[in-house]
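One letter stands for each residue in the lines below.
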Amino acid sequence: MKAEKKYTALVTGGTRGIGREVCLDLARNFTHTLFINYVQNDVEAELTKSMVEESGCKVFLLKRNMAFPDEIDKMFDEIYSVTKTLDMFVHCPAINSFKPLIKVKPNQWDITMNVNARSFLHCVQKCLPVMKTGQIVAVSSLGSRTYVPNYGSMGPTKSALESIVRYLAAELAGSGIRVNGVTAGFVQTDSLTKFPDSEKMIEESLKRTPAKRIGNVKDISNTVLFY
Amino acid sequence: MDIQFSKEELTQRLISIISGALRISQEKISPELRIVSDLDAESLDILDMRFTIEQELGLNIGEHEFIETIGKGMTAEEFLDKFTVSSLIDFTEERLKTKALV
């Protein structure tokens, strides 16, 4: 069922991969105004903006670094200079390097945990004053609860993210705000190709997948935006 | 953010950032050292440094700008040889000058 496009949404890490697809689906089906956060790639961000605008959705690109709380505060200042309501927040940013957990250095732990997990909590805290009812979704990944080789700098951060989702879901239950996490398996994105031995891992995954295909960004976006 | 640095101040600031990212004492960091080959920085460490430089100095540095600027026209191997603490200081100094002109 197609809903009326009556919502305002924020997507963090929204200009590539799963985040971009979520933005496109939001714009096609739900939102008249979309705030898209990114930090690294201006070209991809502008491309995403133009793609999303084809749906007639008003788009604001917010180049703010999720690693830093004051950047998040500034991002919300920018959002609230435009709107006084937020109905949806989808959190997609993730950074990592492919290595075993035993090799993760303290600064690498900090930056991945801050970007992938802490920023989600901070953004939710900033959303709550204006979000009377709404949906909050965090995009997680397979390595949160399953060992994945060379996923040591990402897996624990996604576990933390999912734990934050559970606590927020319980704390906000009954408030009209729904909090969920979507844990994706192997998904065909640029990030997947950066995995060491990605072809072998995909092959192994396919052996255990009845549908004989790995996920794509549309699969994940559909799940994020279940309505 | 408008910050004016002398070369010495900028050098000290960047050594502090590199030290913070790599957990190496500042005394062990000198301009001629190669960031990857000598200081063992990994891609995530370089991302960490770039984010901190952006945050502390009010710059906006593109995803591939180190390699595209410092390593312009070089092979990956040549870039790793030229990507020294000194080259990062020079890069940042140039970016601060450009920013001041905007």
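Check the entry above for the structure.
Everything numeric in this text was worked out from a predicted model, so none of it was measured. (Residues numbered from 1 in each chain as written. Chains lettered and ligands numbered in written order. Predicted model: local features only at pLDDT ≥ 70, side-chain atom pairs only at ≥ 80, totals over all residues. Heavy atoms only, no water.)

Caption draft 1: Layout of helix H1 (residues 7-22) of chain B. Residue and element names in this part refer to chain B. For H1, built from 16 residues, the straight-helix expectation of 22 Å at 1.5 Å per residue is met to within 8% by its first-to-last C-alpha distance of 22 Å. Of all the positions in H1, only Leu 10, Thr 11, Leu 14, Ile 15, Ile 17, Ile 18, Ser 19, Ala 21 and Leu 22 are classed as buried. Arg 23 sits one or two residues past H1 and shows a positive phi near 55 degrees. (Helix = DSSP H or I, 4+ residues; strand = E, 2+ residues; numbered from the N terminus. Expected span 1.5 Å × (residues − 1). Buried < 20%, exposed > 50% of the residue type's maximum accessible area, 1.4 Å probe, protein only.)

Caption draft 2: Focus on the nonpolar core. By size, the foremost hydrophobic cluster in this structure holds 36 residues, and its most contacted members are Leu 10, Phe 76, Ile 79, Leu 86, Phe 89 and Phe 120 of chain A. Broken down by secondary-structure element, the contributors of at least two residues to this core are helix H3 (69-80), helix H4 (106-127), strand E5 (134-141), helix H5 (155-172) and strand E6 (177-184) of chain A together with helix H2 (43-57) of chain B. By residue number, the principal contributor to this core is H4 of chain A, which donates eight residues. Excluding residues that lie within four positions of it along the chain, Phe 76 of chain A makes contacts with Leu 10, Leu 86, Cys 123, Lys 126 and Cys 127 of chain A. Membership of the second largest hydrophobic core comes to 28 residues, among which are Ile 15, Ala 21, Ile 53 and Ile 70 of chain B. (Core = buried A, V, L, I, M, F, W, Y, C linked by side-chain atoms within 4.5 Å. Contact = heavy atoms within 4.5 Å.)

Caption draft 3: Representation of the sheet that holds strand E1 (residues 7-12) of chain A within the structure. Residue and element names in this part refer to chain A. Sheet architecture is open: six strands sit in the order E3-E2-E1-E4-E5-E6, paired in parallel fashion. Among the strands making up the open sheet, the edge pair consists of strand E3 (58-63) and E6. Strand-to-strand twist across the sheet, computed as the mean angle between neighbouring axes with direction ignored, equals 15 degrees. Here strand E2 (residues 31-38) pairs with E3 via six bridges, running parallel. The partner of Tyr 38 across the bridge, within E3, is Lys 63. Contacts from helix H8 (residues 217-224) reach strand E4 (88-91), E5 and E6 within the one sheet, and its direction differs from that of E6 by about 160 degrees. (Pairing = 2+ DSSP bridges. Axes fitted to C-alpha atoms, helices over the stretch in contact; angles between N-to-C directions.)

Caption draft 4: Inspection of the interface of chain A and chain B at higher detail. Taken together, the contact pairs 21 residues of chain A with 18 residues of chain B. Looking only at chain A, the three residues that lose the most surface to chain B are Gln 40, Asn 107 and Ile 111 of chain A, adding up to 35% of its buried area. Here chain A is connected to chain B by four salt bridges. Measuring nitrogen to oxygen at the nearest pair gives 3.3 Å for the salt bridge that ties Arg 16 of chain A to Glu 63 of chain B. Summed over the shared surface of chain A and chain B, the number is 13 residue pairs in polar contact (both at pLDDT 80 or more). Mapped by element, the contributors of at least two residues to the side of chain A that touches chain B are H3 and H4 of chain A. At six residues, H4 of chain A tops the list of elements feeding residues into the side of chain A that touches chain B. (Buried area = accessible area lost by both parts, 1.4 Å probe. Salt bridge = Lys/Arg side-chain N within 4 Å of Asp/Glu carboxyl O. Polar contact = N/O pair within 3.5 Å; in protein donor to acceptor, adjacent residues only side chain to side chain.)

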